[in-house]
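Residue-level structural notes
What follows is the residue order along each chain.
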Amino acid sequence: MSLPNGSVAKKVAADLPIIMSEKKCRWGFLSSAWIGIKNWQSVALSGNGEIVAVASRDQVKAQAWIDECSGQVPFPSKPEAVEGYDTLLARDDIDAVYIPLPTGVRADWVIKAARAGKHVLCEKPCGIDVAELEAQLAACNEADVQFMDGVMFMHSKRLDAL
């Protein structure tokens, strides 16, 4: 899988208003699923984010994914490949996690991430039902961490035009 043309993506990013914090957000990715490649590029273009580590059940798979993504959109410091999601959540150098794991296990990992003090970006759908989502939101509220879903168009002014 390849990323969109880097020069086009940089132009789009340059045209966006700067409203983000100047503090760098250190990301960990819980999974080397290919859907995460778009968020790899988004973090790279954010101007205030870096991916510190990518976790997989298999460290070799995580490293291969990092190598593929880095070949297309490099970070100044290459992220570390980590074996095991719990290992990534235990790190002190991660502020937020992106969770593109299969829907059936997302709720458990969102709750674990919140309890570890990590902000969460959860791929859609966030859960299998409303009760799962409510449990995730409650865990994030209790831990005072931010929860965001991966439904980008809902957070865009373009929705108003629809």
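Report follows, based on the coordinates. (Residues numbered from 1 in each chain as written. Predicted model: local features only at pLDDT ≥ 70, side-chain atom pairs only at ≥ 80, totals over all residues. Heavy atoms only, no water.)

**Section: the nonpolar core**
Of all hydrophobic cores here, the largest spans 24 residues; its most connected members are Leu30, Leu88, Val97, Ile99 and Val120. For this core, the secondary-structure elements that each account for two or more residues are strand E2 (49–56), helix H4 (85–89), strand E4 (96–99), helix H5 (103–115), strand E5 (119–122) and helix H6 (130–143). Per-element tally for this core: the top contributor is H5, with 5 residues. If sequence neighbours within four positions are ignored, Val97 has contacts with Trp27, Gly28, Leu30, Leu88, Leu89, Ala113, Lys118, His119, Val120 and Leu121. Counting residues in hydrophobic clusters, the runner-up holds 17 residues, among them Trp27, Val54, Ile66 and Tyr98. (Core = buried A, V, L, I, M, F, W, Y, C linked by side-chain atoms within 4.5 Å. Buried < 20%, exposed > 50% of the residue type's maximum accessible area, 1.4 Å probe, protein only. Helix = DSSP H or I, 4+ residues; strand = E, 2+ residues; numbered from the N terminus. Contact = heavy atoms within 4.5 Å.)

**Focus: the pairing of E4**
The alternating pattern of E4 places Ala96 and Tyr98 and Val97 and Ile99 on opposite faces, both of which are buried. As defined by bridge partners, strand E1 (residues 25–30) adjoins E4 across 3 bridges and the pair is classed as parallel. Of the residues in E4, the one forming a bridge with Gly28 is Val97. Remark: the E4/H5/E5 crossover connection has right-handed handedness. (Pairing = 2+ DSSP bridges. Right-handed = clockwise from strand over helix to strand, strands pointing away.)

**Some thoughts on the packing of aromatic side chains**
By the definition in use, this model includes 6 aromatic pairs. With a centroid separation of 5.0 Å and 65° between ring planes, the pair formed by Phe29 and Tyr98 is classed as edge-to-face. Taken together, the positions of Phe29 in strand E1 and Tyr98 in strand E4 put the pair 69 residues apart, joining distant regions of the chain. Judged by its relative accessible area of 1%, Phe29 falls in the buried class. With a centroid separation of 5.6 Å and an interplanar angle of 85°, the aromatic rings of Trp40 and Trp65 are classed as edge-to-face. (Phe/Tyr/Trp six-rings, centres within 6.5 Å; stacked < 30°, edge-to-face > 60°.)

**Here's the deal with the pairing of E5**
Two faces make up the sheet, and in a regular strand the side chains alternate between them. Here E4 runs beside E5; their pairing, made up of 4 bridges, is parallel. The residue bridging Ala96 from the neighbouring strand is His119, located in E5. Where E5 and strand E6 (residues 147–149) come together, 3 bridges link them in parallel fashion. Following the sheet pairing, Cys122 is matched in E6 by Asp149.

**Here we look at the packing of H5 against H6**
Interaxial distance between H5 and H6 falls to 8 Å at its minimum, and their mutual angle equals 15°. Judged by the inter-axis angle, H5 sits roughly parallel to H6. With respect to the hand of their crossing, H5 and H6 are arranged in left-handed fashion. Of the residues in H6, those in contact with Thr103, Ala107, Val110, Ile111 and Ala114 of H5 are Glu132, Ala135, Gln136, Ala139, Cys140 and Ala143. Partitioning the contact of H5 with H6 into residue classes produces 8 nonpolar, 2 polar and 1 charged. (Axes fitted to C-alpha atoms, helices over the stretch in contact; angles between N-to-C directions. Parallel < 35°, antiparallel > 145°, perpendicular 65-115°, else oblique. Left-handed = near helix turned anticlockwise from the far one by under 90°. Nonpolar A, V, L, I, M, F, W, Y, C, P; charged D, E, K, R; others polar.)

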